[in-house]
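What the coordinates show
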Amino acid sequence: MSQALGSPIAPPRRLLDRPELLALVRDLAARREWWAEGLDTTSSERTYAALHRDEHLDVWAIAWRPENDTGWHDHDTSSGAVQVVDGLLTEAVLHIGGAEVFHSYGAGDGFSFAPTHIHRLTCDQGRAVSIHAYSPPLSRLGQYTIDDVGALLRVTVSDADELRALDVAHATVHA
């Protein structure tokens, strides 16, 4: 996807760093008239609208439903940023020993992360809308699950696959 007519996104000529990604999603969140029409916020499932894609940047708007859960995942080689426009999203980060640390992000809140960051996002109540940006563009992600003996497994998925909590019985592990 190239820059859309009237798009507030100027195609970058290089990869963007985390502060630049966060500034971008904050700016785009404030321009609802540009992205809201292409996003179905009334669907019975989580929906997505691709806003921009070039060789350096990938930008999405996502409408979340209650109890949507990305499952544990990383973004392979891409740094990213998320800005919550409406509702509440919860990010969980796993710490050594199995403890989860939770961060709640409401409308107006945002965060960024490095490619090595492993987390999960959930929409625990109501509906939410968020803007996401990745640099370089997503091509694959790592999803995590625990096998039947308790080992943590990474499963490589395409950027075209929808993230959700994995069922270990259906996971295909790539070495």
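In what follows, the accompanying structure is described. Please read these numbers as outputs of a predicted model, since none were measured by experiment. (Residues numbered from 1 in each chain as written. Predicted model: local features only at pLDDT ≥ 70, side-chain atom pairs only at ≥ 80, totals over all residues. Heavy atoms only, no water.)

**A few points about the layout of surface pockets**
One simple way to see leftover space: roll a probe sized like a water molecule over the atoms. How we decide: In this analysis, the protein atoms alone were mapped onto a 1 Å grid. Cavities are point sets where a 1.4 Å probe fits without being able to get out; pockets are open sets with protein on both sides within 12 Å along at least five of seven lines; lining residues have an atom within 4 Å of a point. Grid points are joined across faces, edges and corners, and a volume is the space filled by probe spheres set on the points. The helix count covers DSSP runs of H or I at least four residues long, the strand count covers runs of E at least two residues long, and both are numbered beginning at the N terminus. When residues are grouped by polarity, Ala, Val, Leu, Ile, Met, Phe, Trp, Tyr, Cys and Pro land in nonpolar, Asp, Glu, Lys and Arg in charged, and all others, Gly among them, in polar.
Approximately 300 Å³ is the volume attributed to the second largest pocket. Together, 14 residues line the second largest pocket, and W72, L94, H95, I118 and L152 are the ones closest to its centre. Listed by contribution, the elements that provide at least two residues to the lining of the second largest pocket are β6 (88–94) and β11 (140–146). Among the elements that line the lining of the second largest pocket, the one with the most residues is β11, at three residues. For the lining of the second largest pocket, the class distribution of residues is eight nonpolar, six polar and no charged.

**Describing the nonpolar core**
Heads up, the condition is: Think of a nonpolar core as a cluster: buried Ala, Val, Leu, Ile, Met, Phe, Trp, Tyr and Cys residues, connected wherever their side-chain atoms sit within 4.5 Å. Using a 1.4 Å probe on the protein chains alone, a residue whose accessible area is under 20% of its type maximum counts as buried, one over 50% counts as exposed, and one in between counts as partly exposed. The contact criterion used throughout is that any non-hydrogen atoms of two residues lie within 4.5 Å.
Counting residues in hydrophobic clusters, the biggest one holds 21 residues, and the most contacted among them are L24, W35, L57, V59 and I131. When residues of this core are traced back to their parent elements, those giving at least two are α1 (18–29), β1 (47–53), β2 (58–64), β5 (79–86) and β10 (128–135). The residues touching L24, leaving out its near neighbours within four places in the chain, are I9, L16, L57, V59 and A133.

**Brief notes about α1**
Put simply, the rule is: Multiplying one less than the number of residues by 1.5 Å gives the expected span of a helix. Directions are taken from the helix axis to each C-beta atom, and the arc is the one they span.
Taking 1.5 Å of rise per residue, twelve residues should cover 16 Å, and α1 covers 16 Å from first to last C-alpha, within 8% of that figure. All buried positions along α1 are accounted for by L21, L22, L24, V25, L28 and A29. Buried residues of α1, viewed axially, fall in a sector of 160°; they line one side. Here the buried face of α1 lies against α2 (32–35), β2, β5, β8 (110–113) and β10.

**Let's talk about the packing of aromatic side chains**
Here is the rule: Between the rings of Phe, Tyr and Trp (Trp by its six-membered ring), a pair exists once the centres lie within 6.5 Å; its type follows the angle of the planes, with under 30 degrees stacked, over 60 edge-to-face, and the other angles tilted.
Under the defined criterion, the tally for this structure stands at four aromatic pairs. Arranged with centres 6.4 Å apart and planes meeting at 85°, the rings of Y48 and W60 form a pair that is edge-to-face. Pair noted here: Y48 is in strand β1 and W60 is in strand β2, with a separation of twelve residues, a long-range link. Judged by relative accessible area, Y48 falls into the partly exposed class, the value being 35%. Taking the relative accessible area as the measure of exposure, W60 reaches 24% and is therefore partly exposed. Relative to Y134, the ring of F113 has its centre 6.4 Å away and its plane inclined at 55°; by these criteria the two rings are tilted. Placement of F113 in strand β8 and of Y134 in strand β10 is noted, with a sequence separation of 21 residues between them. The two residues F113 and Y134 agree in class, both being buried.

**Points about the pattern of salt bridges**
Rules: For this analysis, a salt bridge means a side-chain nitrogen from Lys or Arg found within 4 Å of a carboxyl oxygen belonging to Asp or Glu.
Evaluation of the coordinates by the stated rule reveals eight salt bridges. With a shortest N-O distance of 2.8 Å, R53 and D58 are connected by a salt bridge. D74 is the partner of R154 in a salt bridge, and the nearest nitrogen-oxygen pair spans 3.1 Å. Placement of R154 in strand β12 (residues 152–158) and of D74 in strand β4 (residues 73–74) is noted, with a sequence separation of 80 residues between them. Linked by salt bridges that have partners in common, D74, D76, R140 and R154 make up one network.

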